[in-house]
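Close look at the chain arrangement
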Amino acid sequence: RQSRSSMTRIPYPDLDKAPAEVREMLARLPAPVGIFNMIAHAETALKPLMKLGGTFLGKLKLDPLLRELVILHAVNLEGGEYEWVQHVPIVLALGGTQAQIDALKAGDDRAACFSEAEKAALRFTREVVVDVGASEASLAEARKHLSEREIVELILVAGFYIMLARLTETLDIPNDPPIGDKLVSQIEARVASKKK
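Summary of the structure given here.

Rules used in this analysis
Residues numbered from 1 in each chain as written. Predicted model: local features only at pLDDT ≥ 70, side-chain atom pairs only at ≥ 80, totals over all residues. Heavy atoms only, no water. Helix = DSSP H or I, 4+ residues; strand = E, 2+ residues; numbered from the N terminus. Rg over C-alpha atoms; globule rule 2.2 N^0.38 Å. Buried < 20%, exposed > 50% of the residue type's maximum accessible area, 1.4 Å probe, protein only. Contact = heavy atoms within 4.5 Å. Areas by Shrake-Rupley, 256 points an atom, 1.4 Å probe, with all protein chains shown as cover. Lys, Arg positive; Asp, Glu negative; His and termini not counted. Charge placed at Lys NZ, Arg CZ, Asp CG, Glu CD. Core = buried A, V, L, I, M, F, W, Y, C linked by side-chain atoms within 4.5 Å. Phe/Tyr/Trp six-rings, centres within 6.5 Å; stacked < 30°, edge-to-face > 60°. 1 Å grid on protein atoms, 1.4 Å probe; cavity = no way out; pocket = protein on both sides within 12 Å on 5 of 7 lines; lining within 4 Å. Points joined across faces, edges and corners; volume = space filled by probe spheres on them. Nonpolar A, V, L, I, M, F, W, Y, C, P; charged D, E, K, R; others polar.

**Some remarks on the overall build of the protein chain**
From N to C terminus, the protein chain includes 10 helices and zero strands. Reading the secondary structure of the protein chain in the N-to-C direction produces α-α-α-α-α-α-α-α-α-α. Since a compact globule built from 196 residues should have a radius of gyration of about 16 Å, the 17 Å found for the protein chain is in line with a globular shape. When its C-alpha atoms are laid out on the principal axes, the protein chain stretches across 50 × 50 × 30 Å. Burial statistics for the protein chain: of 196 residues in total, 45% are counted as buried. For the protein chain, the share of sequence-separated contacts (at least 6 apart) that also reach a separation of at least 24 residues comes to 68%. About 10000 Å² of surface is accessible on the protein chain, with carbon and sulfur atoms providing 56% of the total. Put simply, the protein chain has 25 plus and 27 minus side-chain charges, and the middle of one group is 5 Å from the middle of the other.

**Quick look at unusual backbone geometry**
Even without a glycine there, the phi angle at V132 is positive, about 75 degrees. Mapped onto the elements, V132 comes out in the loop between α7 (116–130) and α8 (136–143). Residue classification places V132 among the exposed positions, given a relative accessible area of 70%. The phi dihedral of D172 is positive, around 55 degrees, even though this residue is not glycine. With respect to the secondary-structure elements, D172 resides in the loop between α9 (148–170) and α10 (180–195).

**Let's talk about the nonpolar core**
Most often, soluble globular proteins have nonpolar side chains that are buried together. Judged by nonpolar contacts, the single largest core of 44 residues is most densely connected at F36, L46 and Y161. When contributions to this core are tallied by element, the ones reaching two or more residues are α1 (20–27), α2 (34–39), α3 (43–58), α4 (64–78), α5 (81–93), α6 (98–105), α9 and α10. By size, the runner-up hydrophobic cluster in this structure holds 14 residues, among which are L62, V70, L146 and I162.

**Some remarks on the packing of aromatic side chains**
This structure, assessed with the given rule, holds two aromatic pairs. Relative to F160, the ring of F56 lies with its centre 5.2 Å away and its plane at 70 degrees, an arrangement referred to as edge-to-face. Remark: F160 occurs in helix α9 and F56 occurs in helix α3; sequence separation between them is 104 residues. In this pair, the class of F56 matches that of F160, namely buried.

**Notes on the layout of surface pockets**
Considering only enclosed or pocket space, the largest pocket measures out at about 530 Å³ in volume. Every residue lining the largest pocket is counted, 30 residues in all, and those nearest its centre are M50, G53, G54, L183 and I187. Those elements giving two or more residues to the lining of the largest pocket turn out to be α2, α3, α5, α9 and α10. Looking at the lining of the largest pocket, its residues break down into 17 nonpolar, seven polar and six charged.

**What about the environment of T168?**
With respect to the element layout, T168 can be found in helix α9. For the pair T168 and I151, spaced 17 residues apart in sequence, the C-alpha separation works out to 26 Å.

These values are about where atoms sit, not about what they do.
In structure tokens:
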């Protein structure tokens, strides 16, 4: 794919003319973000997509670091540079290592820097992304480390971020400065406050 230009392939919508619900959802973000501004074209999809993304980042049983490694692996396999840039700082904030990030960038999901559980989840992710469905062997190995709930969550997370990668790559949305770690902190705080 060609390198990203400074212009998107379709213009951003005029957010001043966007429905109140769209403006309210975008105002929740720690900073303006190109991907969500572009999704605002699909006015009725923005809020549900942001809520689903918030669920993935703050309400899963799947371990947060494992979730982020899965996201990096999925978007790297798909060529999703925008989401890669956003999620690398989250991996580091959650205690992931540069060695893990470098291994995923190289497509090496069996590197020694990964635990057995991480290797199983990353192999499973690779098959879900590349082959559309994971093999019996890969599923069996993932089940040694993950519950059925976590396996379903992993598939949903990988699919969600592949969808976002296809949007950013197709429409040439320029990379934004990473806000992912701030966004995750906001979501975790919101989830915690609702549990009180």
